[in-house]
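# Notes for the structure review
Below, each chain spelled out in residue letters.
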Amino acid sequence: MKVNIYPDYKTLSRSTADLINSYISAKKDSLVCLASGHTPRGVFDCLIDDVTSKGLDLTHCTFVGLDEWVGIPAHTKGSCRAMMDEDFFHPLQIPKDRIEFFNGMASDLNAEVDRINNLIAAHGGLDIMLVGIGTNGHIAMNEPGTSFETLAHISMLADETKEVGQKYFATSTQLNSGVTLGLKHFREAKLPILMANGEKKAAIIQKTLTTLPVESLPSSVIHLIDHGFVMIDQAAVK
Ligand code: PGA
C-alpha cells in the first residue's frame with residue numbers, strides 16, 4: 001500500500017479526486033463504489049467540478065452503493081443512499097439506471113446481498129472503491145471481527161457505530177444492523193482507497209498503520225493490499 005499525507009483536507013480531497021479521475025478517464029465504463037458519510041464530501045465536490053468544468057465523463061460508469069442501514073428507507077435523511085443522492089448523484093444528475101444500491105428496507109436482505117455480489121462479479125470486480133474509516137477501524141459496515149474474505153453481507157453493528165452514526169440523522173435513530181460490501185471486495189478492487197481526515201481519526205489511523213493485518217481491526221486489511229492507497233491529511237497523523 002501507499003500512504004499519502006496531505007497538508008489539509010482540501011489538498012487531500014483534490015488528490016483523491018485526481019486518482020479517481022485518472023482511472024475513469026482511462027476506463028470510462030468503470031464500476032465505481034464511493035462511500036457516503038462526511039469524509040468523501042470534499043472529493044465529491046472536486047469530481048463535480050471536474051465533470052462540470054474539466055470534461056470528466058461519468059456517463060458510462062456504473063455506481064454501486066457501499067452500504068446501507070437496515071430498516072432505514074432510502075429517502076430518509078441519514079440513509080447512505082440519501083447522503084449519496086444529496087452529495088453526488090443529484091448534483092451530477094446520474095441516471096437511476098446507473099446506480100445500484102442496497103435497499104435497507106428489502107424484505108429479503110439475503111437476496112439484496114446476492115444481487116449486489118452478482119452484479120460486481122459480472123463486471124469482473126469493482127474498479128474503484130473509496131472508503132472512509134470508523135473510529136473503531138470499521139470499513140463500510142465491516143465491524144471488528146469480520147473475515148477479510150467476506151463479500152457483501154448483513155452486519156450486526158458495533159455499539160460505537162450505532163452511536164457515531166447518529167450524526168447523520170436529524171433525530172435519534174435506532175440502528176442495529178446494516179448491509180455492506182465486504183473486505184474481499186476492497187482487497188480485489190482495482191483502485192482501493194482508504195481516506196481519512198481530521199484529528200478524530202488520528203488514533204485509529206495510527207493503530208491501522210502500525211498493526212499487522214488482524215481481523216479484529218478491519219482497516220488493517222490495507223496491509224494486504226499492495227496496490228491500495230491510504231489518503232490522509234496531516235491532522236489524521238498526529
Ligand atoms: P465518516 O464515516 O466519513 O462520516 O467519518 C466514516 C465511517 O464510519 O466509515
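Here's what I pulled together on the structure shown here.

Here we take up the nonpolar core. Ranked by internal contacts, the top residues of the largest apolar core, which has 39 residues, are Ile20, Leu34, Phe63, Trp69 and Phe88. Elements supplying a minimum of two residues to this core: α1 (9-26), β2 (31-34), α2 (41-54), α3 (80-89), β6 (128-131), β9 (191-196) and β10 (229-233). Counting 34 residues, the second-largest nonpolar core is a separate cluster that includes Leu126, Leu181, Ile205 and Ile232.

Moving on to the sheet that holds strand β5 (residues 99-100). Through backbone hydrogen bonds, the strands of a sheet pair up, either in parallel or in antiparallel fashion. Judged by pairing direction, the sheet is parallel, and its 7 strands sit side by side in the order β1-β10-β9-β6-β2-β3-β5 without closing on themselves. The outermost strands of the open sheet, each flanked by one partner alone, are β1 (2-6) and β5. Here 2 bridges tie strand β3 (residues 62-64) to β5, and the two strands are oriented parallel to one another. In the sheet register, valine 64 faces β5, and the bridge partner there is glutamate 100.

Attention now goes to α1. Here α1 spans 26 Å end to end across 18 residues, near enough to the 26 Å set by a 1.5 Å rise per residue. For α1, the complete set of buried residues consists of Leu12, Ser13, Ser15, Thr16, Ala17, Ile20, Asn21 and Ile24. Summarising the contacts, the buried residues of α1 are in contact with β1, β2, α2, β6, β9 and β10.

How each quantity is defined
- Residues numbered from 1 in each chain as written.
- Predicted model: local features only at pLDDT ≥ 70, side-chain atom pairs only at ≥ 80, totals over all residues.
- Heavy atoms only, no water.
- Core = buried A, V, L, I, M, F, W, Y, C linked by side-chain atoms within 4.5 Å.
- Buried < 20%, exposed > 50% of the residue type's maximum accessible area, 1.4 Å probe, protein only.
- Helix = DSSP H or I, 4+ residues; strand = E, 2+ residues; numbered from the N terminus.
- Pairing = 2+ DSSP bridges.
- Expected span 1.5 Å × (residues − 1).
- Contact = heavy atoms within 4.5 Å.

In short, the description is geometric, and any link to function would need to be established separately.
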